[in-house]
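# Fold and contact review
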Amino acid sequence: MCGIAGFCNLHGNYREDPGKYYRILQTMGQRQKHRGPDEDGVYLQRHVGLSHVRLAILDPEGGKQPMSARLSDRDASATIVFNGEIYNSPGLRRDLIRDGAVFETTSDTEVLLQGYLAKGLSFFRSLNGIFAFALWDETKEKLFLVRDRLGVKPLFYSLFGQSLLFSSEIKGILSYPDFPAQIDREGLCEIFGLGPAKTYGKGVFRGIMEVLPGHVLEFDGSRITDCSYWELQSHPHEDTWEETVEKTRFLLTDGIRMQMLSDVPICTFLSGGVDSSLVTAICSRELAKKGLTLSTFSFDFAGNDVNFKANAFQPSQDRPFADLMVSHCKTDHHHLECEKQQLYEYLFRAVDARDLPCMADVESSMLYFCGEVAKTHKVTLTGECADEIFGGYPWFHKKECFEAKTFPWSMDFTPRTCLLRDEIRSLLPLEEYARDAYEKTIGECPALEGECPEEARRRQISYLNLRWFMQTLLDRMDRTSMHAGLEARVPFADHRIVEYLWNVPWEMKCRGGVKGLLRHAAEGLLPDEILWRKKSPYPKTYDPAYEGLLRKELLSVLSDASQPLSRLLDRAKVEAYLSKPSDYGRPFYGQLMAGPQLLAYLLQVNYWLTAYRIEILL
C-alpha cells in the first residue's frame, strides 16, 4: 500500500525549472510518507510530475515506482503511480503473458501497466482489488485517475489554474505552492450537517474534489472527463435458498483467500463478532496448511470492564467472544487497550490522518490500535463492510428508520444545530443540505421494476449504506491504518460479494435473524456461540473521566475568542447542553457517536480549522 501525488499541465513545461518541480513532488510525497515508509520516488517530464511513497508488500525489490513501460511494436508508453493491491494479478499476469507481454517484475503494479498498454481502459474492468492510481499515457498525452469500485482507496484532485493536482490524501494537494486552504458555506454544511460523513465526490475543502468509486477521470489538458466503469445492476434473484447459501459461502471464502496475497506476514483484527471471526477462521485455516500460526489483535478501552453500559446498540462486551475464537483457531493473540489520555491525544492525530474532523474517539482509538499493530505487521485483514451488505445495522430493521426520509443513521438533527450561534445557523441551510444529499442518492439507486414497496425501500437503504455509511468507515480504516504504515484489507468489500448480495432478497438475507444468510454461510467454520451472537459494534469508552476531560477542554476553547470554534458556537448554548446528563444510547451519528462523541467531534473541528490554517468564507 502506498501514497501517490502529482500534477499535470499540458500548456506548460515543468522541465524548464526541474529543480523547483522535483522539490514540489518530493514535498507532496513526504506529506504522505506515513503511507509508504519503505521507499519513495518521483517522475518528472515536460507536462507531468508523479510522486510515490511505498509500503512494500508484493515484490519488495522489483516493485519500485513510479514505473514505466513501453510497447515498441505499438509505439505506446506509459508511467504509473499506484496505491493498493490487485488480488487477481497472478491470473491477469498469466493471461497477458499468453498474449505476448514480457514482465520484468512480479509486482501487481506492472500488471496494471502492461494490461493498460495491451488493452486500454477496458482492462480496468477485470481488476479485483483495492486501488487508486494515476497513469500518464505519454503517447496520447493524457493523465488518467482511477479508483476502485467501492472506494476503499482514496484519491483527491483539484483543477488549479491550468494544472490538475492529485493526491491520495488531501494534505498532498494542500502542500502544492499557493494552494489555499479554504472552507465555504457548502463545506460548513458538510461538517455540521453531514459530518463525520461527507458527500461522495467532495473533498470539503473549497476547490478539492474526490474521484468517485468505480470511476476513471481523463485529463487532456483542457477538460476533465469523468467516466464510470462499474455500477450496481438490479435484477431478480433466481437462486434457491440452498444455492444462495452455497454461493455466498464460496464468495466469502474465495475473497478472503485472495486477500491473503502478500510477500510479508499477515494478521487479522478479531473482535469476537461474526464478521471478523469468519475472516480469522479462514485465514488461520489457510496458514495452518503451511504450518504457520495467524496473529490476531483485539481492542478495548481501559476500564470498560467496570464502566461498560449495555444498551440497544451495544448489548455486550467483546473480550469473552474474542477469547473463544482464539481458543478455537489457536491464534497468536494480542489484546490491546487504550487509556483515556491516549484516546484524547489521538483525537487530534486522527484529524491529521483524515485531513478532516472524523469519528471522534471511534477513529482516534483505531488510529492508536493500528499504530500498535504496525509495530509487528504490515498487512491486516478486517471484518469491515459486512453490515452494509448483509443488513446488520438497526436502521435496516427499525420502523422509524425504515420510514425516515433522511439518512437513517443521523435522524436527530438537534445536536447538529442546537449549539451554533444564531447568525451562523441562519447562514447554513443544514437540514436542506442534508435532505438534498439524501434525495440525490435515493434518485441514483438502481431500482428493480415490479419490486414491492417494502423490498424497494430496503434496496434504497442498502444503497445509502454503500454510498455513505460504508464509505465513512472505509475512509476511517484507510487513514488510521495507513497513517501507521499498516495495510488494512476488507474482504467483505470484494465487488463480487457486493454485486451478488445486492440482489438477494431480504427474506434470505435475514432468514433466522439479523445477518442470517452470513451466519448460515459460515456454519461449520465458527463456534455456535460466535455464529449466533447478537450483533455488537466496535467498542467505545464509557469512562466518565474521559467525558469530563472533553467538557473541560471544550469550555476552555470557547472561552478563547481567538479560537475559530468560538466564532461558530454559542457558549451559553453549550453550557446548557453540558448541564444535561449524557445519553449514551441516543447517537447523533451511527450507533456509537452520542453526547461525548459530539463534544470530541467539536474539538476536532476547532483543531482542524486551526492546524490547517483554514480560511472560513461566509
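Everything numeric here is computed off the predicted structure, so don't read it as measured data. (Residues numbered from 1 in each chain as written. Predicted model: local features only at pLDDT ≥ 70, side-chain atom pairs only at ≥ 80, totals over all residues. Heavy atoms only, no water.)

## Quick word on the overall build of the protein chain
Going by this rule: Runs of E in the DSSP output that reach at least two residues are strands. Runs of H or I that reach at least four are helices, and both are numbered from the N terminus. In this scheme, a residue with accessible area under 20% of its type's maximum is buried, one over 50% is exposed, and one in between is partly exposed, where area comes from a 1.4 Å probe on protein chains only. Two residues qualify as a contact provided that any one of their heavy atoms is within 4.5 Å of a heavy atom in the partner residue. Here the open area of atoms and residues is found with the Shrake-Rupley method and a 1.4 Å probe, where only the protein chains shown may cover a residue. By the counting rule applied here, Lys and Arg register as positive and Asp and Glu as negative, while His and the ends of each chain are not counted. Working definition for charges: the position is that of NZ of Lys, CZ of Arg, CG of Asp or CD of Glu.
Helix and strand content of the protein chain: 24 helices and 19 strands. Principal-axis analysis of the C-alpha atoms places the extent of the protein chain at approximately 70 × 60 × 50 Å. Taking all 618 residues of the protein chain together, 63% fall into the buried category. Taking all contacts inside the protein chain whose residues are at least 6 apart in sequence as the whole, residues at least 24 apart take part in 73%. Split by element, the accessible area of the protein chain, about 23,000 Å² in all, is 49% carbon and sulfur. For the protein chain, the centre of its 73 positive side-chain charges and the centre of its 85 negative side-chain charges are spaced 1 Å apart.

## Focus: the pattern of salt bridges
Just so we agree on the cut-off: Here a salt bridge means any side-chain nitrogen of Lys or Arg lying within 4 Å of a carboxyl oxygen belonging to Asp or Glu.
According to the stated counting rule, one finds 41 salt bridges in the structure shown. Between Asp478 and Arg479 there is a salt bridge, with its nearest N and O atoms 3.1 Å apart. Judged by relative accessible area, Arg479 falls into the buried class, the value being 3%.

## Considerations on the pairing of strand β15 (residues 295-301)
The criterion, for reference: At least two DSSP bridges between two strands are required for those strands to pair.
Burial analysis of β15 places 7 of its 7 residues in the buried class, which makes it a mostly covered element. Neither face of β15 is open: one carries Ser295, Phe297, Phe299 and Phe301, the other Thr296, Ser298 and Asp300, and all of them are buried. Bridge analysis of strand β14 (residues 266-269) against β15 gives 3 bridges, and the strand direction is parallel. Paired with Thr268 across the strands is Thr296, a residue of β15.

## Re the packing of helix α10 (residues 340-354) against helix α22 (residues 544-558)
Our working definition: To obtain each axis, a line is fitted to C-alpha atoms, and for helices this fit is confined to the stretch in contact; angles are then taken between N-to-C directions over 0 to 180 degrees. By definition in this entry, angles of less than 35 degrees are roughly parallel, angles greater than 145 are roughly antiparallel, angles of 65 to 115 are roughly perpendicular, and the rest are oblique. Helix crossings get a hand from a simple test, with the near helix turned counterclockwise from the far one by less than a right angle marking a left-handed crossing and a clockwise turn marking a right-handed one. For this classification, Asp, Glu, Lys and Arg are treated as charged, while Ala, Val, Leu, Ile, Met, Phe, Trp, Tyr, Cys and Pro are nonpolar and the rest, including Gly, are polar.
Relative orientation of the contacting elements α10 and α22 amounts to 40 degrees, with a least axis distance of 9 Å. Of the possible angle classes, the one that applies to α10 and α22 is oblique. Handedness of the α10/α22 crossing: right-handed. Counting all contacts with α10, which are made through Lys340, Gln341, Leu343, Tyr344 and Leu347, the residues of α22 involved are Ala545, Tyr546, Leu549, Leu550 and Glu553. The residue makeup of the contact of α10 with α22, split by class, is 7 nonpolar, 1 polar and 2 charged.

## Looking at the sheet that holds strand β17 (residues 379-381)
The strand order across the open sheet built from 5 strands is β16-β15-β14-β17-β18, with neighbouring strands paired in parallel fashion. Strands at the two margins of the open sheet, each flanked by one partner only, are β16 (332-338) and β18 (487-489). Ignoring strand direction, the axes of neighbouring strands in this sheet form an average angle of 30 degrees. As judged from the 3 bridges shared by β14 and β17, these two strands associate in the parallel manner. The residue of β17 that forms the bridge with Cys267 is Thr380.

## A few points about the side chain of Arg489
Inclusion rule: Polar contact is the term for a pair of N or O atoms within 3.5 Å; when the atoms are in protein, one must be able to donate a hydrogen and the other to accept it, and sequence-neighboring residues count only if both atoms are side-chain atoms.
Within the fold, Arg489 resides in strand β18. A polar side-chain atom of Arg489 sits 2.4 Å from a polar atom in the side chain of Glu487. If we ignore the near neighbours within four places in the chain, the residues touching Arg489 are Ile57, Glu85, Tyr87, Ile130, Gln259, Met260, Leu261, Ser262, Val379, Thr380, Leu381 and Thr382.

## A short note on the packing of helix α16 (residues 430-444) against helix α17 (residues 453-482)
Relative placement of two packed helices is described by the angle separating their axes and the distance separating the axes. In contact at an axis separation of 9 Å, α16 and α17 are set at 115 degrees when each is read in the N-to-C sense. α17 is crossed by α16, and the crossing has right-handed handedness. Taken together, the residues of α17 that come into contact with α16 (itself represented by Ala437, Tyr438, Thr441, Ile442 and Glu444) are Arg457, Gln460, Tyr463, Leu464, Arg467 and Trp468. Taken together, the residues of the contact of α16 with α17 break down into 6 nonpolar, 2 polar and 3 charged.

## A look at helix α9 (residues 319-329)
In an α-helix, one turn spans 3.6 residues, which is why side chains three or four residues apart end up on the same side. Basically, it comes down to this: Directions pointing from the helix axis toward each C-beta atom define the arc.
For α9, the full list of buried residues reads Ala322, Met325, Val326 and Cys329. The buried residues of α9 occupy an angular sector of 105 degrees when the element is viewed end-on, so they sit on one face. Note on α9: the residue one or two positions beyond its end, Lys330, has a positive phi of about 55 degrees.

## Quick look at the sheet that holds strand β3 (residues 48-54)
A sheet is described by the order of its strands in space; here 6 strands give the open sequence β2-β3-β1-β9-β8-β11, paired in antiparallel fashion. Looking at which strands have only one partner, the edges of the open sheet turn out to be β2 (39-44) and β11 (209-210). Here strand β8 (residues 156-160) pairs with β11 via 2 bridges, running antiparallel. Of the residues in β11, the one forming a bridge with Phe156 is Glu210. Sheet contacts for helix α1 (residues 18-30): β1 (2-8), β2, β3 and β9 (163-167); angle to β2, the most-contacted strand, approximately 145 degrees.

## As for unusual backbone geometry
Across residues other than glycine, the phi torsion is negative in most instances, and most of the peptide bonds are trans. The linkage connecting Gln65 with the following residue, Pro66, adopts the cis geometry, with an omega of 0 degrees. By the secondary structure assignment, Pro66 is in the loop between β3 and β4 (67-71). Here Gly195 and Pro196 are connected by a cis peptide whose omega angle stands at 5 degrees. Tracing the backbone shows Pro196 in the loop between α5 (185-194) and β11. Even without being a glycine, Glu141 presents a positive backbone phi close to 50 degrees.

## Brief notes about the packing of aromatic side chains
Convention followed: Stacked, tilted and edge-to-face are the three classes applied to pairs of Phe, Tyr and Trp rings, where Trp contributes its six-membered ring and a pair requires centres within 6.5 Å; stacked means planes under 30 degrees apart, edge-to-face means over 60, and tilted covers the rest. Our definition puts a charge over a ring when NZ of Lys or CZ of Arg is within 6 Å of the ring centre and also within 35 degrees of the ring normal.
Under the criterion given, the structure shown has 34 aromatic pairs. Members of the aromatic cluster, joined through ring pairs, are Tyr200, Tyr393, Trp395, Phe407, Trp409, Tyr438, Trp468, Phe469 and Tyr589. A cation over an aromatic ring shows up here: Arg349 above the ring of Tyr346, its NZ or CZ 4.3 Å from the ring centre. Across from the ring centre of Tyr200, 4.0 Å away, lies the NZ or CZ of Arg467, which sits over that ring.

## Some thoughts on the environment of Val81
Structurally, the position occupied by Val81 is in strand β5 (residues 76-86). A residue is classified by how much of its surface remains accessible, and Val81, at 0% relative accessible area, is buried. Considered as a pair, Val81 and Leu135 are 54 residues apart in the sequence and their alpha carbons are 6.7 Å apart. With sequence-adjacent residues up to four places away left out, Val81 is seen in contact with Ile4, Leu50, Ser51, His52, Gln65, Pro66, Ala132, Phe133, Ala134 and Phe166.

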